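# Coordinate inspection notes
One-letter residues, chain by chain:
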Amino acid sequence: MSTAPSSISILRPDDWHIHLRDDAALATTVAHAARQFARAIVMPNLKPPVTTAELAQAYKARIVAAIPQGLRFEPLMTLYLTDKLAPEEIVRAKAAGVVACKLYPAGATTNSDHGVTDIRKIYPTLEAMQREGLLLLVHGEVTGSEVDLFDREAAFIDQHMVPLRRDFPELKIVFEHITTREAAQYVTETDRFVGATITPQHLLFNRNAIFTGGIRPHYYCLPVLKREEHRLALVQAATSGNPKFFLGTDSAPHAAQLKEHATGCAGCYSAHAAIEMYAEAFDKAGALDKLEGFASLHGADFYNLPRNTDRITLVRESWTPPESYPFGQADLKPLRSGEALPWKLAD
Ligand SMILES: NC(=O)N[C@@H](CC(=O)O)C(=O)O
Ligand SMILES: [Zn+2]
Ligand SMILES: [Zn+2]
């Protein structure tokens, strides 16, 4: 008879997609990320966005200043692609240690107003990235009200991923926060230059979570949660051992009053208990033995960075995170606020 393990130890994980925000918010977001992750790819969608090497370096310094004493944490910086980001800035960014640029189709998600209006406009910049070895991170949803909200990711594959792969065959692309069977299948079938991140909420929930007993704004993020068949395909991809799939929480904090609003903001905050929620999802799939690859190996390998060497331990022990956290002057309600979680990171 096999018994479920009561704890597991894995190499320290990294988060390959996080929103830390800025200023007073960093006290909460950086502390949460640093307690579990060694490194994180920091999203550049500040207001105004991080569009130059100099802005990225200054933002990195603010993050580093917020790391709690005694913890080690390395923020990996990204630039926000606009129609005007010059190829020369890519050279400066590379020299400044920036590892990737983020493509937000204009209007696709939170703080994407400055995003790219037509990918062909940024071809010289993408060429510079391919040459300098910077990765392209994409929010893979088409915009435009004629496309159903639930179909926007699948449409992005045909309209943008396929041409991008054809025109920049050696540009490494991360299809961020994938949410559909179509995206999982595309990433599986394409060559080694394409990887994908998967969030905890897309592994644990389907779209019913947004509408259970009333509208639940804290389950609203973009790309929006999909049907159960898509969740199952994502669990399959994440637990398959395929190195193209890796951890990226897309933890995206917003003030509670802006989520509980007539036009609530998109984004789920998961940094307070991210590795615990991934452990829960992998455990439910009977695949705890695949957690380390997904959380701690595949991302570093894809980014060509060294693997971490220290370890963390997760224990099967129920705990209930606080209902909310300070977020500057506001409150931050995390994903599953007030609920008990089955896995806990040991100190
Ligand atoms: N995922 C989200 O719903 N929101 C993110 C932006 C993003 O990653 O698309 C945010 O910055 O709030
Ligand atoms: Zn996004
Ligand atoms: Zn994001």
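Residues numbered from 1 in each chain as written. Chains lettered and ligands numbered in written order. Predicted model: local features only at pLDDT ≥ 70, side-chain atom pairs only at ≥ 80, totals over all residues. Heavy atoms only, no water.

## Section: the UniProt feature "modified residue: N6-carboxylysine" (unreviewed entry) in the protein chain
Mapped onto this numbering, the UniProt entry gives "modified residue: N6-carboxylysine" (unreviewed entry) at K102. Its relative accessible area of 1% is what places K102 among the buried residues. Ignoring sequence-local partners within four residues, the contact set of K102 consists of H17, M43, P44, L79, Y80, L81, L137, V138, H139 and E176. (UniProt positions renumbered as here; feature names shortened; annotations may be inferred. Buried < 20%, exposed > 50% of the residue type's maximum accessible area, 1.4 Å probe, protein only. Contact = heavy atoms within 4.5 Å.)

## Focus on the pairing of strand β8 (residues 194–198)
The buried count for β8 comes to five of five residues, which makes it a mostly enclosed element. Taking every second residue as pointing to the same face, both faces of β8 are buried, with V194, A196 and I198 on one and G195 and T197 on the other. Alignment of strand β7 (residues 173–175) against β8, held across three bridges, turns out to be parallel. The residue bridging F175 from the neighbouring strand is A196, located in β8. Since β7 and β8 lie parallel, the crossover through helix α6 (residues 181–189) that links them has a hand, and here it is right-handed. (Helix = DSSP H or I, 4+ residues; strand = E, 2+ residues; numbered from the N terminus. Pairing = 2+ DSSP bridges. Right-handed = clockwise from strand over helix to strand, strands pointing away.)

## Comments concerning the coordination of the zinc ion (ligand 3)
For the zinc ion (ligand 3), every protein donor is listed as H17 (NE2), H19 (NE2) and D250 (OD), and the spread of their distances is 1.9 to 2.0 Å. Every donor counted, the four donor atoms about the zinc ion (ligand 3) form angles of 93 to 141° at the centre, which fits irregular coordination. The metal-metal distance between the zinc ion (ligand 3) and the zinc ion (ligand 2) is 3.8 Å. In this pair, H17 is assigned in strand β2 (residues 15–18) and D250 in the loop between β9 (245–247) and α9 (256–259), connecting sequence segments 233 residues apart. (Donors = N, O, S within 2.8 Å, 3.2 Å for Na, K, Ca; no water. Tetrahedral: all angles 85-135°; square planar, octahedral: opposite > 155°, others 65-115°.)

## Structural notes on unusual backbone geometry
The linkage connecting K47 with the following residue, P48, adopts the cis geometry, with an omega of -5°. Here P48 lies in the loop between β3 (39–42) and α2 (53–65). Cis peptide bonds are those with omega within 30 degrees of zero, and the linkage from L222 to P223 qualifies with -10°. Looking at where P223 falls in the secondary structure, it is placed in the loop between α7 (200–204) and α8 (228–238). One non-glycine residue, H177, adopts positive backbone phi at about 35°. Using a relative accessible area of 2% as the deciding quantity, one classes H177 as buried.

## Brief notes about the sheet that holds β2
Read across the open sheet, the eight strands follow the order β2-β3-β4-β5-β6-β7-β8-β9; overall the sheet is parallel. Each edge of the open sheet is held by one strand with a lone partner, namely β2 and β9. Direction aside, neighbouring strands of the sheet carry axes that sit 30° apart on average. (Axes fitted to C-alpha atoms, helices over the stretch in contact; angles between N-to-C directions.)

## A look at the environment of T51
The residue T51 is located in the loop between β3 and α2 in this model. Along the backbone, T51 and T78 are 27 residues apart, and their C-alpha atoms lie at a distance of 8.7 Å. Beyond its immediate sequence surroundings of up to four residues, T51 is in contact with L79, Y80, T82, L85 and E89.

## Things to note about the nonpolar core
Of all hydrophobic cores here, the largest spans 102 residues; its most connected members are L81, L126, L136 and F175. Considering each element in turn, this core owes the most residues, seven residues, to helix α10 (residues 274–284). The contacts of L81, once residues within four sequence positions are left out, are C101, K102, L103, H114, G115, V116, I122, T125, L126, M129 and L136. Within the second largest apolar cluster, 15 residues are counted, among which are Y80, V99, A100 and L137. (Core = buried A, V, L, I, M, F, W, Y, C linked by side-chain atoms within 4.5 Å.)

## Observations concerning the layout of surface pockets
Considered as a void within the structure, the largest pocket measures approximately 530 Å³ in volume. Of the residues assigned to the lining of the largest pocket, the class counts are 11 nonpolar, seven polar and four charged. Along the walls of the second largest pocket sit 15 residues, with T117, D118, I119, R120 and H160 positioned nearest its centre. Among the elements that line the lining of the second largest pocket, the one with the most residues is helix α5 (residues 152–167), at four residues. Residue classes in the lining of the second largest pocket are distributed as nine nonpolar, four polar and two charged. (1 Å grid on protein atoms, 1.4 Å probe; cavity = no way out; pocket = protein on both sides within 12 Å on 5 of 7 lines; lining within 4 Å. Points joined across faces, edges and corners; volume = space filled by probe spheres on them. Nonpolar A, V, L, I, M, F, W, Y, C, P; charged D, E, K, R; others polar.)

## A few points about the coordination of the zinc ion (ligand 2)
H139 (ND1) and H177 (NE2) make up the full set of protein donors to the zinc ion (ligand 2), lying at 2.1 Å. Geometry at the zinc ion (ligand 2) is irregular, judged from the four donor atoms that bind it and their angles of 54 to 145° at the metal.

## Focus: the side chain of H272
Looking at the secondary structure, you find H272 in the loop between α9 and α10. Overall, the relative accessible area of 3% leaves H272 in the buried class. Dropping the residues within four chain positions of it, H272 is found in contact with H32, R35, M277, W319, P321, Y325, P334 and L335.

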